[in-house]
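Understanding the architecture of this molecule
Each chain is listed here by its residues.
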Amino acid sequence: MLEPLLRQKQTTCPYCGVGCGVDISCNVSGRTTSLDKVTGTPEHPANYGRLCVKGTNLLETNDLSGRLLHPTMAGARVDWDTATRAVADKITQTIAEHGPDAVAFYVSGQLLTEDYYVANKLMKGFIGSANIDTNSRLCMSSAVAGYKRAFGEDVVPCDYTDLECTSLLVLTGSNTAWAHPVLFQRIQRAKLRNPDMKVVVIDPRETETCTIADLHLPIKGGSDVALFNGLLQFAHTNGAIDEPAIGEFTQGLNDAIASANTLDAKDVASVCGLNEADLATFYQWFISAESAVTFYSMGVNQSSAGVDKANAIINCHLALDFISKPGCGPFSITGQPNAMGGREVGGLANMLAAHCDIENPEHRENVKAFWQSPAMPEQGGLKAVDLFSAMDAGQIKFVWIMGTNPVVSMPYREQVESALKKCDMVVVSDIVQSNDTLAFADIALPATGWSEKDGTVTNSERRISRQRGIMSPPGEAKHDWQIMCDVASKMGFSSAFSYSHPSEIFDEHARLTAYKNDGARQLNLAPLAGKSHAQYDAMAPVQWPLITNSDQTLAPVRPFYNKVFSTPTGKANFIAVKFTVPVQLTSNEFPFVLNSGRMRDQWHTMTRTGKAPVLHAHTAHANVYIHPEDAKALLVAQNDYVALSSKVSGETPCIFPVQIDKRQRRGDVFVPIHWSGEWGSHSKLAKLYAPATDPISGQPELKHGAVSITPH
Ligand code: SF4
């Protein structure tokens, strides 16, 4: 008998947007491969060998239990040809009877860039609708819109190294210690190396991230625009803005200042629920810093004013010239492993591939010509919450959901369930056999998962890394791009979807970014086009924008390094923003602010991390975290059960055990997002939040609900 061969494969962690490199030791025996050990990739620039507890325990979560292994129709096993024929026929029939906008795709930041590209090409270029949105809408669409308004393009202008060389790091709306642990470790080490580096944490809760804070501002939820407008005003009145120099590369400063001047310092402190002295300290540190990074995440984005919050932050960076240089910038960090790759190929309903705008006729014509597409919509499609509302209203007859569980993760669960019931056909591609959304599927299609999929992801610092297929697909599972190509071929589009390998899709994506791109857009992956299968397979992590040196080597450059932005004038835009209160306001009936977020060791709805016993050790179940004084007033003690209700939660109360926590703001409660099932929280959170969204980005307000609490 032959000894098993030991092999080492390099891939990327499938969890958060840090995008850590992972080395896998495998045993190969004949046709069987088993994964033996996982370690961080020492040379990967995202993590330099480090992994958090979720990454370290990846193999504990990678078994076949609960996997969907065969296509099914109405719960009965069918072959692939039957399943994809039924999907193709139904899409064709729906278009014929109701038009292309009656078809919708709802996809996921878990998809690889190649899957995302094919989904967008099929929907926007061949079905002829823009009704394709993604669960990344729930994660970072406000950040996207903020960057586009300011820079003319969705470009994150920072690198992870900026977190290490800045003199002031402002972490706002981000529990980095738990949500992006490897970056937090990098920041910790940077602060140890440079004790003069100041860290300010802005968060209603005193989270683990506050352990490195020189100053914690326990801001009242939803008041970030007032805080950053106050900073802009402070910088202006204290003569910290070099207006002639700033005017060289920006426009709109005066309007932004006029808009920021509506509250005086006392009012800002009161609106934000902060101590005036602490606020003044933060403002003084910011205007006198040599460099500053503002690092923001869901606490900023998941808001009915998420885009204005992002622009209020960016305004301060433009005004102080903390942009486009080392240690500087407004840095949005994504939650999912490939939200950024999705953005590059037009993953959101209001975007087109290659950072082109769907509502720009020239961009549209270029993409249409490149794809040789028969039909392309002229307007953006429905964003996630609106998409499910339209489905509920009977306007969407067919939906294909890929790699996500909207019944649990979207706000207003009752409406999402009702919407799926009204669809003529619900198709779900997933790796799991059952979840709350699969319960509504007419057709279930088995997809491949991490360690089986082969393609690329882009992390939060614009670094493209390979996720490598190490294991064979289990059962009859197929890659998402393959499933979509099968359906597209059966719809008559075989020549446009004839890919045989993900490298061919990546090549087309790279060429499209360069097509008629005269330098107006930073996303230009031309130097990565034309790779053979083998070159693609060997591709090392690479960051864009890229230039090709005279010796043909590639080098990344800092976005907007020359202070020329992707706007028509080349100047960055200040955006005049005003503070507005959250949509879901507290009242006598619903007096508590509901906030939610991640715990350290779990991921999304726990379909993967829930399999590893060790990952339950940190937090075993969902609690509601309540300030001691609030608990006293409610006459509840530690571990008592309470019922949470909101305007939209319906008859059944949402029950949680109490965790008394003095790190909560009084009047705020916190519930983690992950747990579902009988005593879980995620499906209950979906019931408690109203479908309030940002008017520009469509991102749901998932950090500021209004609830009542009663002992149970
Ligand atoms: Fe994975 Fe994120 Fe942890 Fe890195 S920090 S190992 S990408 S979960």
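Computed from a predicted model, the values in this text were never measured in an experiment.

**A few points about the overall build of the protein chain**
When its secondary structure is counted, the protein chain shows 24 helices and 28 strands. Computed over its C-alpha atoms, the radius of gyration of the protein chain comes to 24 Å, within 12% of the 27 Å expected for a compact globule of 712 residues. Expressed along its principal axes, the backbone C-alpha trace of the protein chain runs to roughly 70 × 70 × 60 Å. Evaluated residue by residue, the protein chain yields a buried proportion of 58% over its 712 residues.

**Structural notes on the site of the ligand**
The immediate surroundings of the ligand are formed by 14 residues, with Cys13, Cys16, Cys20, Cys52 and Gly55 found nearest. Elements supplying a minimum of two residues to the shell around the ligand: helix H1 (53-56) and helix H7 (181-193). The residue makeup of the shell around the ligand, split by class, is 9 nonpolar, 4 polar and 1 charged. Counting residues domain by domain, the shell around the ligand receives three or more from each of domain 1 (5-61) and domain 3 (141-333).

**Points about the domain arrangement of the protein chain**
The assigned domain composition of the protein chain is domain 1 (5-61), domain 2 (72-138 + 338-498), domain 3 (141-333) and domain 4 (592-711). Distance between the C-alpha centres of domain 2 and domain 4: 30 Å. Mapped onto the side of domain 2 that touches domain 4, the elements with two or more residues apiece are helix H17 (384-392), helix H18 (406-409) and helix H19 (413-422).

**Things to note about helix H12 (residues 276-288)**
Taking 1.5 Å of rise per residue, 13 residues should cover 18 Å, and H12 covers 18 Å from first to last C-alpha, within 8% of that figure. Those residues of H12 that sit buried are Leu279, Phe282, Tyr283 and Phe286. Down the axis of H12, the smallest arc covering the buried residues is 95°, so these residues share one side. In this structure, H12 carries Ala277 and Ser288 as exposed residues pointing more than 90 degrees from its buried face.

**Focus: the confidence of the model for the protein chain**
Low pLDDT means the predicted coordinates in that region are not meant to be read closely. Per-residue confidence for the protein chain gives a mean pLDDT of 94, with 98% of residues at or over 70. For this predicted complex, the interface score ipTM comes out at 1.00, alongside a pTM of 0.96.

**Topic: the pairing of strand E28 (residues 705-711)**
Pairing between strand E23 (residues 592-597) and E28: 3 bridges, direction antiparallel. Along E28, the bridge assignment pairs Phe592 with Val707. As judged from the 4 bridges shared by strand E25 (residues 641-645) and E28, these two strands associate in the antiparallel manner. By the bridge assignment for E28, Val642 is matched with Pro711.

**Quick look at the environment of Arg598**
Assignment of secondary structure puts Arg598 in the loop between E23 and strand E24 (624-626). The class of Arg598 is partly exposed, set by 19 C-beta atoms lying within 10 Å. Remark: the alpha-carbon pair of Arg598 and Val671, spanning 73 residues in sequence, is separated by 8.8 Å. Setting aside residues up to four positions removed in sequence, Arg598 forms contacts with Asn175, Trp178, Ala179, Pro672 and Ile673.

**Observations concerning the sheet that holds strand E17 (residues 455-458)**
Ordered by their spatial adjacency, 3 strands build an open sheet running E17-E18-E19, and the pairing between neighbours is antiparallel. Because the sheet does not close on itself, it has two edges, and the strands there are E17 and strand E19 (542-543). Direction of pairing for E17 relative to strand E18 (residues 463-467): antiparallel, over a ladder of 4 bridges. Residue pairing in the sheet places Val457 in a bridge with Ser465 of E18.

**Some details on the sheet that holds strand E9 (residues 198-202)**
Within a sheet, each strand pairs with its neighbour through backbone hydrogen bonds, oriented either parallel or antiparallel. Ordered by their spatial adjacency, 5 strands build an open sheet running E10-E9-E8-E12-E13, and the pairing between neighbours is parallel. Two strands lie at the open edges of the sheet, namely strand E10 (215-217) and strand E13 (329-332), each paired on one side alone. Averaged over all neighbouring strand pairs, the angle between strand axes comes to 15°, with direction disregarded. Bridge count for strand E8 (residues 168-172) against E9 is 5 bridges, and the pairing is parallel. When the sheet's bridge partners are listed, Leu168 is paired in E9 with Lys198.

**Structural notes on the packing of helix H4 (residues 141-151) against helix H14 (residues 306-319)**
The interhelical angle for the contact between H4 and H14, taken along N-to-C directions, is 50°, at an axis separation of 8 Å. The angle between the axes of H4 and H14 places the two elements in the oblique class. Of the two possible hands of crossing, H4 and H14 adopt the one that is right-handed. Across the interface between the two elements, Ser142, Ala143, Ala145, Gly146, Arg149 and Ala150 from H4 touch Gly306, Val307, Ala310, Asn311 and Ile314 from H14. Class assignment of the residues belonging to the contact of H4 with H14 gives a composition of 6 nonpolar, 4 polar and 1 charged.

**What about H17?**
Among all positions of H17, only Ala384, Val385, Leu387, Phe388, Met391 and Asp392 are buried. What you see down the axis of H17 is that its buried residues fit within an arc of 160°, all on one side. Downstream of H17 by a residue or two, Gly394 has a phi angle that is positive, lying close to 85°.

**A short note on the environment of Val408**
Inspection of the secondary structure assignment puts Val408 in helix H18. Overall, the presence of 22 C-beta atoms within 10 Å leaves Val408 in the buried class. Taking the C-alpha atoms as reference, Val408 lies 8.9 Å from Asn435; in sequence the two are 27 residues apart.

**Here we look at the nonpolar core**
With 214 residues, the main nonpolar core has Ala119, Leu169 and Val399 as its most contacted residues. Not counting residues up to four positions away in its chain, the partners in contact with Val399 are Ala104, Tyr106, Met391, Cys423 and Val426.

**A short note on the environment of Leu634**
Examined against the element boundaries, Leu634 turns out to sit in helix H23 (residues 628-634). On the basis of neighbour counts, which here come to 16 C-beta atoms within 10 Å, the residue Leu634 falls in the partly exposed class. Sequence separation of Leu634 and Val624 is 10 residues, and the distance between their C-alpha atoms is 13 Å. Excluding residues within four positions of it along the chain, Leu634 makes contact with Ile709 and Pro711.

Definitions and cut-offs
Residues numbered from 1 in each chain as written. Predicted model: local features only at pLDDT ≥ 70, side-chain atom pairs only at ≥ 80, totals over all residues. Helix = DSSP H or I, 4+ residues; strand = E, 2+ residues; numbered from the N terminus. Rg over C-alpha atoms; globule rule 2.2 N^0.38 Å. Buried ≥ 20, exposed ≤ 12 C-beta atoms within 10 Å, placed from the backbone. Near = placed C-beta within 6 Å. Nonpolar A, V, L, I, M, F, W, Y, C, P; charged D, E, K, R; others polar. Domains from an automatic or database assignment. Expected span 1.5 Å × (residues − 1). Arc of directions from axis to C-beta. pLDDT = per-residue confidence, 0-100. Pairing = 2+ DSSP bridges. Contact = placed C-beta atoms within 7 Å. Axes fitted to C-alpha atoms, helices over the stretch in contact; angles between N-to-C directions. Parallel < 35°, antiparallel > 145°, perpendicular 65-115°, else oblique. Left-handed = near helix turned anticlockwise from the far one by under 90°. Core = buried A, V, L, I, M, F, W, Y, C linked by C-beta atoms within 7 Å.

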